[in-house]
Amino acid sequence: VPRRALETDDELERRFGTDDPDALRDAYEAHGGLVFSLCARSLDRESAADATQEVFVAAWRARSRYDPARGSLRGWLVGIARHKVVDALRARGARPAPAGGEPRDGADPRAERPVDRVAEQLLVADALAQLGPRPRAVLELAFYSSLTHEEIATRTGVPLGTVKSDIRRSLASLRRHLEGLDGYA
Amino acid sequence: MATPDPDDLILRALRGEGDPDDPTGRVGRALRGAVDDDVVVEPPPAGLWDRIEEVVAGDARVVPLDRARPPRRRAARWLAVAAAAVVVAVLATVGVVATRSGDAPSDVIARADLEPVDAVVAGWGEAQLVETGDGLALQVEVVDLDAPAGYLELWLASPDVSSLISLGPLRRDGRYELPPGFDPGANPVVDVSDEQLDGNPGHGGVSLLRGVLT
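Remember, predicted model here, so these are calculated numbers, not experimental data. (Residues numbered from 1 in each chain as written. Chains lettered and ligands numbered in written order. Predicted model: local features only at pLDDT ≥ 70, side-chain atom pairs only at ≥ 80, totals over all residues. Heavy atoms only, no water.)

**Examining the overall build of chain B**
Put simply, the test is: Segments assigned H or I by DSSP are reported as helices when at least four residues long, segments assigned E as strands when at least two residues long, and all are numbered from the N terminus. Throughout, exposure labels follow a simple rule: accessible area from a 1.4 Å probe, protein chains only, divided by the maximum for the residue type, with under 20% read as buried, over 50% as exposed, and the rest as partly exposed. Contact between two residues is taken to exist if any of their heavy atoms lie within 4.5 Å; hydrogens are not considered. Exposure was quantified through the Shrake-Rupley algorithm and a 1.4 Å probe, taking into account, for residues, occlusion by the shown protein chains and nothing else.
Across its full length, chain B holds four helices and eight strands. Listing every helix and strand of chain B by position from the N terminus yields α-α-α-α-β-β-β-β-β-β-β-β. Here chain B holds 214 residues, and 44% of them are scored as buried. The contacts in chain B between residues at least 6 apart in sequence include a share of 55% that link residues at least 24 apart. Carbon together with sulfur atoms contributes 55% to the accessible area of chain B, which is approximately 11,200 Å² in total.

Structure follows, in structure tokens:
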């Protein structure tokens, strides 16, 4: 099964690298909420809106660098957002300490870590919500219960083979989003 | 039973019972964290798309490099390029050319990709030399770049980098008005350096990104 078989935004990803101006609008409509939500976790709403604007402008200017083979557009946009949030936090003086050095006054060297964690959480939660109802129900039991495959099949009424293939395919899709997140570097 | 079932291994990895750095383990950690922290995706504020579209429409004024050969004598010919840019912009944006609020219309007359000087440095950027109507300005966008020593500073330099002019610390808006009479043709190298807060106004010698305006 092709890894991208579950994606509904294949076409958008392909168009995004071109100069099709509708592609940016479509990307904003599909993922603007995700990007804004990540920014709003660390910034006030006005700064989060500014950061979201910067993310989509930067994405458009860098569109030739986006490669669907290296991860999802959703993940790539969240990767840009993560950097913009870190930039905005730094601009407020919360500069991270130089490597190996003492932290500067008022700067917590771990201050940026929650951004990375929240980025991953929002990305997979959003992607999970895009799965069909059956694969989503199966995957939720897979990661959030201690049920066996057989028990998941019994609980959901989904055949055992389908339970296993749903989990594999859904995971492949979610991993691709995280690859997109990593791909922006 | 001696050989673990691959699907069982997937379940274990997903539940954090395997290698936490395994890609599946990472997905599981993020999924469980999303539920535990109750992360919610909310819609962006109304009107935000219009702001994005406005900035991007301004980008449409960029003249493709192959159509905008850098002239030797700037003044007169840049005006011609600027006029051509307006035509391109009108064609490209179907008559909807917005500019940033409050700014006079500006046209890009040269640009540079800013690439890492050292392969180990992440980050990249873009610089655009624009005619603002009041003079020349440099519009710089830098992405994913750390300043290990302290802060980022922007410079314009001669082709052999023997002469360096500081434009100051990197600004969030990336906008730098160039002094009247400044000749970017003689200083086409855009340099982003890593500077210490040591009171020394000179270039610290550590260039992170560099590109040449053409």
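**Here we look at the interface of chain B and chain A**
Test applied: Simply put, the buried area is the total loss of 1.4 Å probe accessible area from both parts when two parts are fitted together. We count a salt bridge whenever a side-chain nitrogen from Lys or Arg sits within 4 Å of a carboxyl oxygen from Asp or Glu.
Listed by partner, the interface residues are 53 residues for chain B and 61 residues for chain A. In total, about 5,000 Å² of surface goes out of reach between chain B and chain A, with carbon and sulfur atoms giving 56% of it. At the boundary of chain B and chain A, one finds 11 salt bridges. A salt bridge links Arg26 of chain B to Glu120 of chain A; its shortest N-O distance comes to 2.8 Å.

**What about the sheet that holds strand E4 (residues 151-157) of chain B?**
Residues and elements named next belong to chain B. Which entries qualify depends on this criterion: Criterion used throughout: strands pair if DSSP finds at least two bridges between them. Orientation is described by lines fitted to C-alpha atoms, with helices fitted over the stretch in contact, and by angles between N-to-C directions that extend from 0 to 180 degrees.
Within the open sheet, the eight strands sit side by side as E5-E4-E7-E8-E1-E2-E3-E6. Their pairing is antiparallel. The sheet is open, and its two borders are formed by strand E5 (164-169) and strand E6 (175-177), each paired with just one other strand. On average, each strand axis in the sheet is tilted by 25 degrees relative to the strand beside it, whichever way the strands run. Inspection of the sheet shows strand E1 (residues 107-116) paired to strand E2 (residues 124-131) by seven bridges, in the antiparallel sense. The residue of E2 that forms the bridge with Ala110 is Leu129.

**Some remarks on the packing of aromatic side chains**
Inclusion rule: Any pair of Phe, Tyr and Trp rings, taking the six-membered ring for Trp, is counted once the centres come within 6.5 Å. Such a pair is stacked with planes under 30 degrees apart, edge-to-face with planes over 60 apart, and tilted for the rest. A positively charged side chain is recorded as over a ring if its NZ (Lys) or CZ (Arg) lies within 6 Å of the ring centre. The angle to the ring normal must also be within 35 degrees.
Per the stated rule, a full pass over the model turns up six aromatic pairs over all chains. Plain terms: the ring middles of Phe16 of chain A and Trp76 of chain A are 6.1 Å apart, the flat faces sit at 70 degrees to each other, and that makes the pair edge-to-face. Residue Phe16 of chain A is found in helix H1 (residues 10-16), and its partner Trp76 of chain A is found in helix H4 (residues 73-91); the two are separated by 60 residues along the sequence. On the accessibility criterion, Phe16 of chain A (0% relative accessible area) is buried. Since its relative accessible area comes to 5%, Trp76 of chain A is described here as buried. Ring centres of Tyr28 of chain A and Phe56 of chain A lie 5.2 Å apart, and the angle between their planes is 75 degrees; on these two criteria the pair is classed as edge-to-face. Of this pair, Tyr28 of chain A sits in helix H2 (residues 21-42) while Phe56 of chain A sits in helix H3 (residues 45-61); the two residues are 28 residues apart in sequence, bridging distant segments of the chain. The ring centre of Trp60 of chain A lies 3.7 Å from the NZ or CZ of Arg63 of chain A, which sits over that ring. Sitting over the ring of Trp124 of chain B, Arg65 of chain A keeps its end group 4.2 Å from the ring centre.

**Details of H2 of chain A**
Rule in force here: In this scheme, a helix's expected span is set at 1.5 Å multiplied by one less than its residue total. The seven residues ending at a residue and the seven starting there each receive a fitted axis; the angle between those axes is the bend at that residue.
Compared with an ideal rise of 1.5 Å per residue, which puts 22 residues at 32 Å, H2 of chain A spans 30 Å between its outermost C-alpha atoms and is within 8% of the ideal. If you look at H2 of chain A, its biggest bend is around 60 degrees, right at His31 of chain A.

**Quick word on the packing of H3 of chain A against H4 of chain A**
Residues and elements named next belong to chain A. Heads up, the rule is: The labels follow the angle: roughly parallel below 35 degrees, roughly antiparallel above 145, roughly perpendicular from 65 to 115, and oblique for the rest. Put simply, a crossing is left-handed when the front helix is turned counterclockwise from the back one by less than a right angle, and right-handed when it is turned clockwise. Nonpolar residues are Ala, Val, Leu, Ile, Met, Phe, Trp, Tyr, Cys and Pro. Charged residues are Asp, Glu, Lys and Arg, and all others, Gly as well, are polar.
Closest axis-to-axis distance for the H3/H4 pair is 9 Å, and the angle between their directions is 130 degrees. As far as their axial angle goes, H4 and H3 are oblique. Here the hand of the crossing between H3 and H4 comes out right-handed. Taking contact as the criterion, the partners of Ala51, Glu54, Val55, Phe56, Ala58 and Ala59 in H3 are, on H4, Trp76, Leu77, Ile80, Ala81 and Lys84. Here the residues of the contact of H3 with H4 sort into nine nonpolar, no polar and two charged.

**Describing the environment of Pro159 of chain A**
All names here are of chain A. Of note, Pro159 is situated in the loop between helix H7 (149-156) and helix H8 (160-183). Owing to a relative accessible area of 52%, Pro159 belongs among the exposed residues under this scheme. Counting along the chain gives 10 residues from Pro159 to His149, while the straight-line C-alpha distance between them is 9.8 Å.

**What to know about the confidence of the model for chain B**
Residue and element names in this part refer to chain B. Applicable threshold: Confidence per residue, as judged by the predictor, is encoded in pLDDT with a range of 0 to 100.
A residue-level look at chain B finds 76% of positions with pLDDT of 70 or above and a mean pLDDT of 76. Within the model, pLDDT remains below 50 along residues 62-104, and this stretch shows 51 contacts once partners closer than five positions in the same chain are excluded. For this predicted complex, the interface confidence score (ipTM) comes to 0.81, while the overall pTM stands at 0.60.

**A few points about the side chain of Asp194 of chain B**
Residue and element names in this part refer to chain B. For the record, the criterion: Think of a polar contact as two N or O atoms within 3.5 Å of one another; within protein, one of them needs to be a possible hydrogen donor and the other a possible acceptor, and neighboring residues in sequence only count if both atoms come from side chains.
Secondary-structure assignment places Asp194 in strand E7 (residues 189-195). For Asp194, a relative accessible area of 8% gives the class buried. Among the polar contacts made by the side chain of Asp194, one reaches the main-chain amide nitrogen of Ala149 at a distance of 3.0 Å. In contact with Asp194, other than residues within four places in its own chain, are Ala147, Pro148, Ala149, Gly150, Tyr151, Val206 and Leu208.

**Examining the pattern of salt bridges**
For the structure on display, the rule yields 22 salt bridges over all chains. Across the pair Arg45 of chain A and Glu42 of chain B runs a salt bridge, and its minimum N-O distance is 3.4 Å. On the criterion of chain membership, the pair formed by Arg45 of chain A in helix H3 and Glu42 of chain B in the loop between helix H2 (23-36) and helix H3 (48-59) is interchain, its members lying in two chains. The partner of Arg134 of chain A in a salt bridge is Asp166 of chain A, and the shortest N-O contact between them spans 2.8 Å. Note that Arg134 of chain A is positioned in helix H6 (residues 133-144) and Asp166 of chain A in helix H8, a separation of 32 residues in sequence. Among the residues examined, Arg134 of chain A registers a relative accessible area of 43% and is labelled partly exposed. What emerges from the salt-bridge pattern is a single network uniting Glu120 and Asp182 of chain A together with Arg26 and Arg29 of chain B.

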